[in-house]
Amino acid sequence: TVHIFCDNQSTIKLLKNPIFSARSKHIDVAHHFARERVQSKEVAFHYVSTIEMAADMLTKVLPISKHLACCGMIGVE
């Protein structure tokens with residue numbers, strides 16, 4: 001099983017719970033692909049708080065303190 005860490009709790013709930021509603025009917029094929037992978041236990045999504053999300057340094061502009069903290073989380077000093 002590949003473990004994927006995510007800071008979006010709504011996404012994790014939608015992946016684990018196959019209930020469709022008016023609010024989630026717009027979700028595209030990529031989400032259904034991911035849900036199938038979760039059900040087959042090929043991948044597992046886990047919640048990580050935004051403060052502990054090391055991938056932020058690759059996805060957004062950060063203050064230097066947060067950038068350095070992210071570097072430390074992945075072992076780059």
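The structure we're discussing is the one just above.
Our subject in this report is the structure included herewith. (Residues numbered from 1 in each chain as written. Predicted model: local features only at pLDDT ≥ 70, side-chain atom pairs only at ≥ 80, totals over all residues. Heavy atoms only, no water.)

Structurally, N17 is set in the loop between α1 (9-16) and α2 (29-39). Residue class for N17 comes out partly exposed when judged on its relative accessible area of 36%. Separated by 22 residues in sequence, N17 and Q39 place their C-alpha atoms 9.9 Å apart. (Helix = DSSP H or I, 4+ residues; strand = E, 2+ residues; numbered from the N terminus. Buried < 20%, exposed > 50% of the residue type's maximum accessible area, 1.4 Å probe, protein only.)

Time to look at the packing of aromatic side chains. All chains considered together, the criterion is met by 0 aromatic pairs. Cation over ring: R37 sits above F33, and NZ or CZ is 4.1 Å from the ring centre. (Phe/Tyr/Trp six-rings, centres within 6.5 Å; stacked < 30°, edge-to-face > 60°. Lys NZ or Arg CZ within 6 Å of the ring centre and 35° of its normal.)

Residue pairs three or four apart in sequence face the same way in an α-helix, which turns once every 3.6 residues. Residues K66, C70 and C71 constitute the buried set of helix α4 (residues 64-73). One face of α4 carries all of its buried residues, which in axial projection span an arc of 140°. Exposed positions of α4 whose direction lies more than 90 degrees from the buried face are I64, S65 and L68. Next to the buried residues of α4 lie α3 (56-59). Two residues or fewer past α4, G75 is found with a positive phi of approximately 85°. (Arc of directions from axis to C-beta. Contact = heavy atoms within 4.5 Å.)

Time to look at the nonpolar core. Grouped together as the largest cluster of nonpolar side chains are 7 residues: C6, I12, L15, A34, V38, V43 and F45. Put simply, the parts of the chain that give this core at least two residues each are α1, α2 and β2 (43-47). Excluding its chain neighbours within four sequence positions, the residues that come into contact with V38 are L15, V43 and F45. (Core = buried A, V, L, I, M, F, W, Y, C linked by side-chain atoms within 4.5 Å.)

Right, let's get into the pattern of salt bridges. What the rule picks out here adds up to 3 salt bridges. Between R37 and E36 there is a salt bridge, with its nearest N and O atoms 3.4 Å apart. With a relative accessible area of 23%, R37 lands in the partly exposed category. The exposure class of E36 is partly exposed, given its relative accessible area of 44%. Linking E42 and R37 is a salt bridge whose minimum nitrogen-to-oxygen distance equals 3.6 Å. The class of E42 is partly exposed, set by a relative accessible area of 43%. (Salt bridge = Lys/Arg side-chain N within 4 Å of Asp/Glu carboxyl O.)

Turning next to unusual backbone geometry. For K41, which is not glycine, the phi torsion reads 65° and is therefore positive. Positionally, K41 belongs in the loop between α2 and β2.

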